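# Notes for the structure review
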Amino acid sequence: MKLARYRLPSGAAGVGRIENEQLWPLDLSGGQYRSLFEILESEDPRQTADFLSRPDEAMPLVQVPLLPPIDRQEVWAAGVTYTRSKVARMEESEAAASCYDRVYESPRPELFFKATPHRVAGHGQPLRIRVDSKWNVPEPEMTLVLNSRLQLVGFTIGNDMSSRDIEGDNPLYLPQAKCYNQCCGLGPWIALAAGMTSPEDAAIKMAIGRAGQVVFQGGTSVTQMARTFDDLISWLGRDNSFPNGAFLLTGTGVVPGTEFTLQPGDNVAISIDGIGTLVNPIVQG
Ligand code: DO4
Ligand code: MG
């Protein structure tokens, strides 16, 4: 089952279930479940969403303004979990090359804080290139949806926008290369884990469009990831609590060549098997 957040005509946010290209609103007026967060916190989110579904009020999905599928959660990310990312980091930063080599091999993964909900863009909403950066890429990442008990309750698509020149200049600049306004794409919705085959072998594809042409396309598979979902979650939860739940991007296995940089006006489409396709236009300034 897939759950989306969307904009109601009143301007408030609603939660809906996606079925056959339609959105079935969930009734959040009963008091017990008033938000996506509360549904994800429930004992069985799929059963809860089923109970709240209003199929008689179904709307064609194309007419629904989707919002990012996040309301209160923190967003974290793992890095250097695929060989392709390790090689790309070593190319962009001579000074720190051995750090990336070591983190790829060591038991402790690289985990970093990525975003708060207001820095996240949903399907169709713009993602940003930092105004002080000249070398930027999108990173297509399988993203885990965790409740406050760090249970894996769903999956979504993440775009970990990255400023390669800032990070490459000095690894201590990583938080600035990664975390700024509209730095993270999430969506188009959450595929609930219950009843779904765990996407441990899902294909991840990315295409970047510019002026009607595809200027980059690439892909990978979650099978290429050097770590498991459970391992990343257990490191995230070490002496760290998430009262509002968390999203965890699991790292990129797709990095365009060093000559490529995103430009304002580009369109980034990321597809992951079993979840869907997240599309975002790119802006700067
Ligand atoms: O070490 C920098 C971040 C790497 C990253 O974001 C990734 O591998 O996806
Ligand atoms: Mg990344």
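For the structure, check the block above.
Residues numbered from 1 in each chain as written. Chains lettered and ligands numbered in written order. Predicted model: local features only at pLDDT ≥ 70, side-chain atom pairs only at ≥ 80, totals over all residues. Heavy atoms only, no water.

A few words on the coordination of the magnesium ion (ligand 2). Around the magnesium ion (ligand 2), the protein supplies E139 (OE), E141 (OE) and D160 (OD) as donor atoms, at distances of 2.0 to 2.1 Å. Every donor residue of the magnesium ion (ligand 2) comes from the same chain, spaced as E-x1-E-x18-D. Note that E141 is positioned in strand 11 (residues 140–146) and D160 in strand 12 (residues 152–160), a separation of 19 residues in sequence. For the pair E141 and D160, one class covers both residues: buried. (Donors = N, O, S within 2.8 Å, 3.2 Å for Na, K, Ca; no water. Helix = DSSP H or I, 4+ residues; strand = E, 2+ residues; numbered from the N terminus. Buried < 20%, exposed > 50% of the residue type's maximum accessible area, 1.4 Å probe, protein only.)

With respect to spatial proximity, 16 residues lie near ligand 1, and among them V80, S85, E110, K178 and T252 are the closest. Within the backbone of V80, an N or O atom sits 2.8 Å from an oxygen atom of ligand 1. Contact between ligand 1 and K178: an oxygen atom at 2.7 Å from a side-chain N or O atom of the residue. Considering ligand 1 on its own, with 280 Å² of exposed area, one finds that the protein chains cover 100% of that surface. (Near = heavy atom within 4 Å. Polar contact = N/O pair within 3.5 Å; in protein donor to acceptor, adjacent residues only side chain to side chain. Areas by Shrake-Rupley, 256 points an atom, 1.4 Å probe, with all protein chains shown as cover.)

Under the criterion given, the structure shown has four aromatic pairs. Considering the side-chain rings of W76 and F242, the 6.1 Å spacing of their centres and the 85° angle between planes classify their relative orientation as edge-to-face. Taken as a pair, W76 in strand 6 (residues 74–79) and F242 in the loop between helix 7 (229–236) and strand 17 (246–249) lie far apart in primary sequence, 166 residues in all. Of the two residues, W76 and F242, both sit in the buried class. Aromatic ring contacts, followed pair by pair, group W76, F113 and F242 into a single cluster. Positioned above the aromatic ring of F37, the side-chain terminus of R72 is 3.9 Å from the ring centre. Cation over ring: R238 sits above W235, and NZ or CZ is 3.7 Å from the ring centre. (Phe/Tyr/Trp six-rings, centres within 6.5 Å; stacked < 30°, edge-to-face > 60°. Lys NZ or Arg CZ within 6 Å of the ring centre and 35° of its normal.)

Before going further, it helps to spend a moment on the environment of I166. Mapped onto the elements, I166 comes out in helix 5 (residues 164–169). Considering only alpha carbons, one finds I166 and H118, 48 residues apart in sequence, at a separation of 22 Å. Those residues within four positions of I166 in sequence are excluded, and the remaining contacts are R130, D132, S133, Y173, Q176 and A177. (Contact = heavy atoms within 4.5 Å.)

Spatial strand order, 9-19-18-15-16: five strands in an open sheet with mixed pairing. The strands lining the two open edges of the sheet, one partner per strand, are strand 9 (127–129) and strand 16 (213–221). Pairs of neighbouring strands in the sheet enclose a mean axial angle of 20°, with direction left out of account. Bridge analysis of strand 18 (residues 267–272) against strand 19 (residues 276–284) gives six bridges, and the strand direction is antiparallel. Looking at strand 19, one finds that V268 is bridged to N280. (Pairing = 2+ DSSP bridges. Axes fitted to C-alpha atoms, helices over the stretch in contact; angles between N-to-C directions.)

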